[in-house]
Amino acid sequence: MMSKKTLRIGEISKGTSYKMLINMMLAQTIVIFAETVLLGEKMGISKEFLLDTIPNSVVGSPVSKMKAQGIKNDDYEAHFPLELMLKDLNLASITAEENEQPLYLANLAKELYAEAAKAGMGRLDVSAIYKYLEQKK
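Description of the structure in this document. (Residues numbered from 1 in each chain as written. Predicted model: local features only at pLDDT ≥ 70, side-chain atom pairs only at ≥ 80, totals over all residues. Heavy atoms only, no water.)

## Overview of the overall build of the protein
Item 1. Each helix and strand counted, the protein has 6 helices and 0 strands in total.
Item 2. Ordered by position from the N terminus, the helices and strands of the protein form the series α-α-α-α-α-α.
Item 3. Against the compact-globule benchmark of 14 Å for 137 residues, the protein has a radius of gyration of 16 Å, which places it among compact chains.
Item 4. Oriented by its inertia axes, the alpha-carbon framework of the protein measures out at about 50 × 35 × 25 Å.
Item 5. Counting across all 137 residues of the protein, residues that qualify as buried make up 38%.
Item 6. A sequence separation of at least 24 residues applies to 65% of the contacts in the protein between residues at least 6 apart. (Helix = DSSP H or I, 4+ residues; strand = E, 2+ residues; numbered from the N terminus. Rg over C-alpha atoms; globule rule 2.2 N^0.38 Å. Buried < 20%, exposed > 50% of the residue type's maximum accessible area, 1.4 Å probe, protein only. Contact = heavy atoms within 4.5 Å.)

## Structural notes on unusual backbone geometry
Item 1. The backbone of Asp74 shows a phi angle near 55 degrees, a positive value even though the residue is not glycine.
Item 2. In this fold, Asp74 is placed in the loop between α3 (62-72) and α4 (82-98).
Item 3. We note that Glu100 has phi near 55 degrees; this positive angle belongs to a residue other than glycine.
Item 4. In this fold, Glu100 is placed in the loop between α4 and α5 (104-121).

## What about the pattern of salt bridges?
Item 1. For the structure shown, the criterion picks out 8 salt bridges.
Item 2. For Glu11, the salt bridge is made with Lys14, and the minimal N-O distance between the two is 3.8 Å.
Item 3. Of the residues examined, Glu11 reaches a relative accessible area of 53% and is grouped as exposed.
Item 4. The salt bridge involving Lys131 is made with Asp74; its shortest N-O contact spans 3.5 Å. In this pair, Lys131 sits in helix α6 (residues 129-135) while Asp74 sits in the loop between α3 and α4, placing the two residues 57 residues apart along the sequence.
Item 5. Assessed through its relative accessible area of 22%, Lys131 is described here as partly exposed.
Item 6. Assessed through its relative accessible area of 45%, Asp74 is described here as partly exposed.
Item 7. Because the salt bridges share partners, they merge into one network encompassing Lys19, Lys87 and Asp88. (Salt bridge = Lys/Arg side-chain N within 4 Å of Asp/Glu carboxyl O.)

## Looking at α4
Item 1. An ideal rise of 1.5 Å per residue puts 24 Å on 17 residues; α4 measures up with 24 Å between its terminal C-alpha atoms.
Item 2. Within α4 the residues assigned to the buried category are Leu82, Met85, Leu86, Asp88, Leu89, Ala92, Ser93 and Ala96. Around the axis of α4, the buried residues are gathered within 160 degrees of arc, so they sit on the same side.
Item 3. The inward-facing, buried residues of α4 contact α1 (14-42), α5 and α6.
Item 4. Downstream of α4 by a residue or two, Glu100 has a phi angle that is positive, lying close to 55 degrees. (Expected span 1.5 Å × (residues − 1). Arc of directions from axis to C-beta.)

## So, the packing of α4 against α5
Item 1. Two elements in contact, α4 and α5, have axes whose closest approach is 9 Å; the angle formed by their N-to-C orientations is 145 degrees. Where α4 crosses over α5, the two elements pack in a sense that is left-handed. In this structure, α4 uses Leu82, Met85, Leu86, Leu89, Asn90 and Ser93 to contact α5, whose residues at the interface are Ala106, Asn107, Ala109, Lys110, Tyr113, Ala114, Ala116, Ala117 and Met121.
Item 2. In terms of residue class, the contact of α4 with α5 is made up of 11 nonpolar, 3 polar and 1 charged. (Axes fitted to C-alpha atoms, helices over the stretch in contact; angles between N-to-C directions. Left-handed = near helix turned anticlockwise from the far one by under 90°. Nonpolar A, V, L, I, M, F, W, Y, C, P; charged D, E, K, R; others polar.)

Okay, here's the thing in structure tokens:
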């Protein structure tokens, strides 16, 4: 068992489909969090303050809480490698095309993760998207 909760989604393969959806949302959440912190820093708000408060705000998320400390410490040891997130985003993009459902934001996130992977960050944690965006100045 990989989690505390078992979900009954439907026939075989629906669990894999659901996992892809969750990872697609996770990828975008991490990009949004990274962009928010980076803009806050440019506006003169301390990185530490942003990483301590945003995850605990009304718009914070469990994933932003999990990733904030690593970003704060510039520690991108892989818990979920960026290259695997890119794989899931590619699968989501293909699936969306097959189902005639545009993924405007997910495809933008996919491009960012692809660029980060090409920049040598593929084996780092997904939160390394912060590091990649920080370097894009």
